[in-house]
Amino acid sequence: MSILRALFALLVFPGLLYAVPAAFLMVWLQRKINARLQGRIGPPFYQPFFDVTKLFAKEPIQRPRLEGLIMTGLPLVAVLSTLGAIALLPVFPARGGFSGDLVLFVSLVEIGPLCAVMAGFASRSLWGGLGATREAVLSLAYNLPFLTALVALAATTGFSLSGAAVSASLPVRVLALLALVLCLPVKLHLNPFSTASAEQEIYAGSTTEYDGPSLALWELAHALEWVVLAGLVATLAFPFAQTAWPLHVIAFVVISFAVVVVLAIVAASTARLKLAQTARWFWLWGFGVSLSALGLAFVRL
Amino acid sequence: MSLFDPLIKTARRRSAWLFHANAGSCNGCDIELIACLTPRYDVEQLGIRLEASPRHADVMVVSGPVTRTACEALQTVYAQIPNPKVVVALGSCPASCNVFAGSPTIVGPLDRILPVDVFVPGCPPRPDAIIAGIAEAIAILAGDKPRPEPASPPLVAQSCVAGGQQ
């Protein structure tokens, strides 16, 4: 049964069958909100789907064999690991298995940015390397508050996210969720922390040299990151433990998309910060918030 | 003909990413191209996006009469765009070198350097005209329209030497 449940989570919900359409919709929602707030009409809802389809249909550039292999392999690993992280989200109350395992979840979530860093350097482009450097520095900056907040939430449940939302006390939950939400824009390359991809400023950051199918995989990996991070906030913000599963599913989807709307509005109304400013901001304010959550969790407040 | 061909065709029609190359333009055409992205014209509704990297692009938009220094860069950038791709010549300069014709520093017009698919005339062209030109380029990209016949004898020069246009 546990294998069946794991397969269901990976392939149906919240995995492949839900995650890919939701990922496209979330990317569209962000672009649409951005356009509406700028007084434009914005792209139609099928836009991200056609973007990715078109990129898959382009002829790949001829590269040396090993380089081509690396440049297709890295985005593929990013897509698969992000999909795995989505399957681990504790939407349903866990009964054994890896569901909600904090260590596995965090490592799968972090493989995506790690692949992006390696991909930037592997492409041997100046702009790719620049984007990769920024991505690496930022991941040092945001992971401190991000991991501290997750540990604070899971302090009572012992390195598991299942039930972490319910067992932690209200002040811990509010502070830890606040710290998590603060980390989302930088993980999703959104303003004000879009320093890593820095659209037009350093060309396309670490994906500058990627074309056709490998770029499509990057777009997909990035879209899936939306689902996993918004979904993480949704599962942890859901306040009830023992309710019927349809309620869990509906709340998961609704809160996920609400998070996307909030992030999109913040992104549309702010400007990009510099690298040093972003790093300082996270180590000061992000870490401050999450550290206070951790402190409260340990004194059992 | 494969099963996915209609889907791919639709995707190409609805998602054209542009790369803009300035080959010695006076910035008039460039400003008009940027105007297409603003709320008044908003080409993002048509799925058109200005991309920073030629590797991501489908449509190469070139403005300017092609100066000697820009010529090789243009050929490099053209080779960096993955197939299928189309080239749009923006304004009068890449079409005829405009007032710069005959200058020793000008290698243009553009169709000596690259196979141009669509010419958008005007100095500078209005954003409406640019959007119409890009729409025609998209039709060529999706295979709805044939590519224009290459001139015979072929005009495309291998070397970037000035003085082709009199």
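Note that the coordinates shown come from a computational prediction; the quantities given were computed from them, not determined experimentally.

When helices and strands are counted, chain A shows 11 helices and 0 strands. Secondary structure elements of chain A occur, N-terminal to C-terminal, as α-α-α-α-α-α-α-α-α-α-α. On C-alpha atoms alone, chain A measures out to a radius of gyration of 19 Å, which is about the 19 Å that the 2.2 N^0.38 rule sets for 301 residues. In terms of overall dimensions, chain A has a C-alpha envelope of 55 × 45 × 40 Å along the principal axes. With 301 residues in all, chain A has 51% of them scored as buried. Within chain A, counting contacts between residues at least 6 apart in sequence, those at least 24 apart form 78% of the total.

What follows deals with the overall build of chain B. A count of helical and extended segments in chain B gives 5 helices and 5 strands. Taken over the C-alpha trace, chain B has a radius of gyration of 16 Å; the compact-globule value for 166 residues is 15 Å, and the two agree within 12%. Expressed as lengths along the three principal axes of its C-alpha atoms, the size of chain B is roughly 50 × 40 × 25 Å. For chain B, the residues scored as buried account for 47% of the 166 residues in total. Of the contacts formed within chain B by residues at least 6 apart in sequence, a portion of 82% connects residues at least 24 apart.

On to the pairing of strand 3 (residues 59–63) of chain B, then. Residue and element names in this part refer to chain B. Counting buried residues along strand 3, 5 of its 5 residues qualify, which places the element largely inside the surrounding structure. On strand 3, burial covers both faces: Val59, Val61 and Ser63 on one face and Met60 and Val62 on the other are all buried. The pairing of strand 1 (residues 17–22) with strand 3 spans 5 bridges and is classified as parallel. Residue pairing across strands places Asn22 opposite Ser63, the latter belonging to strand 3. Pairing between strand 3 and strand 4 (residues 86–90): 5 bridges, direction parallel.

Sheet strands line up and pair through hydrogen bonds in the backbone, either parallel or antiparallel. All names here are of chain B. Pairing is parallel in the open sheet, where 5 strands are placed in the order 2-1-3-4-5. The sheet is open, and its two borders are formed by strand 2 (49–50) and strand 5 (118–120), each paired with just one other strand. Here strand 4 runs beside strand 5; their pairing, made up of 3 bridges, is parallel. When the sheet's bridge partners are listed, Leu90 is paired in strand 5 with Val120. Most of the contacts of helix 2 (residues 28–35) go to strand 3, to which it runs at about 140 degrees, and overall it touches strand 1, strand 3 and strand 4.

What follows is about the interface of chain B and chain A. Each side of the interface is counted separately: chain B has 18 residues, and chain A has 27 residues. The residue inventory of the side of chain B that touches chain A, partitioned by class, reads 6 nonpolar, 7 polar and 5 charged.

Residues and elements named next belong to chain A. In the contact formed by helix 5 (residues 102–122) and helix 6 (residues 126–154), the axes pass within 8 Å of each other and the chain directions differ by 170 degrees. By the angle between their directions, the pair helix 5 and helix 6 is classed as roughly antiparallel. In contact with Leu102, Val106, Pro113, Ala116, Val117, Gly120 and Phe121 of helix 5, helix 6 contributes Gly128, Gly129, Gly131, Ala132, Glu135, Ala136, Ser139, Leu147, Leu150 and Ala154. Among the residues forming the contact of helix 5 with helix 6, the class breakdown is 11 nonpolar, 5 polar and 1 charged.

With that settled, consider helix 1 (residues 5–14) of chain B. Within helix 1 of chain B the residues assigned to the buried category are B:Ala11, B:Arg12 and B:Arg14. The inward-facing, buried residues of helix 1 of chain B contact helix 3 (47–56) of chain A together with helix 5 (127–142) of chain B.

Once that is clear, we can look at the pairing of strand 4 of chain B. Residues and elements named next belong to chain B. Burial analysis of strand 4 places 5 of its 5 residues in the buried class, the great majority of the element. Of the two faces of strand 4, both are covered, the one formed by Val86, Val88 and Leu90 as well as the one formed by Val87 and Ala89. Read from strand 3 through helix 3 (residues 68–80) to strand 4, the crossover connection turns out right-handed.

On to the nonpolar core, then. Formed by 94 residues in total, the largest nonpolar core has its most connected members in A:Ala23, A:Met26, A:Ala176, A:Leu224, A:Trp226, A:Val227 and A:Ala293. If you tally residues by element for this core, the top one is helix 9 (residues 212–237) of chain A, at 16 residues. Setting aside residues no more than four positions away along its own chain, A:Trp226 makes contact with A:Ala23, A:Met26, A:Val27, A:Leu188 and A:Val260. The next biggest cluster of nonpolar side chains, apart from the first, holds 45 residues, and it includes B:Ala16, B:Leu33, B:Ala89 and B:Val107.

To continue, consider the confidence of the model for chain B. Any residue range with low pLDDT should be treated as having predicted coordinates unsuitable for detailed reading. The predicted model of chain B averages 87 in pLDDT, with 90% of residues at 70 or higher. Across the whole predicted complex the pTM is 0.91, and at the interface the ipTM reaches 0.88.

Quick look at the packing of helix 2 (residues 16–37) of chain A against helix 3 of chain A now. All names here are of chain A. At a minimum axis distance of 8 Å, the contact between helix 2 and helix 3 shows a crossing angle of 115 degrees. One way to sum up the angle between helix 2 and helix 3 is to call them roughly perpendicular. In this structure, helix 2 contributes Phe24, Val27 and Trp28 to the contact, and helix 3 contributes Gln47, Pro48 and Phe49. When grouped by side-chain class, the residues that make up the contact of helix 2 with helix 3 number 5 nonpolar, 1 polar and no charged.

Okay, the environment of A:Ser214 next. All names here are of chain A. Mapped onto the fold, Ser214 is located in helix 9. According to the C-beta neighbour criterion, Ser214 is buried, with 27 such atoms within 10 Å. Measuring from C-alpha to C-alpha, the distance between Ser214 and Val91 comes to 31 Å, with 123 residues separating the pair along the chain. Each residue touching Ser214, except ones within four places of it in the same chain, is listed here: Met71, Thr72 and Pro75.

Conventions adopted
- Residues numbered from 1 in each chain as written.
- Chains lettered and ligands numbered in written order.
- Predicted model: local features only at pLDDT ≥ 70, side-chain atom pairs only at ≥ 80, totals over all residues.
- Helix = DSSP H or I, 4+ residues; strand = E, 2+ residues; numbered from the N terminus.
- Rg over C-alpha atoms; globule rule 2.2 N^0.38 Å.
- Buried ≥ 20, exposed ≤ 12 C-beta atoms within 10 Å, placed from the backbone.
- Contact = placed C-beta atoms within 7 Å.
- Pairing = 2+ DSSP bridges.
- Axes fitted to C-alpha atoms, helices over the stretch in contact; angles between N-to-C directions.
- Nonpolar A, V, L, I, M, F, W, Y, C, P; charged D, E, K, R; others polar.
- Parallel < 35°, antiparallel > 145°, perpendicular 65-115°, else oblique.
- Right-handed = clockwise from strand over helix to strand, strands pointing away.
- Core = buried A, V, L, I, M, F, W, Y, C linked by C-beta atoms within 7 Å.
- pLDDT = per-residue confidence, 0-100.

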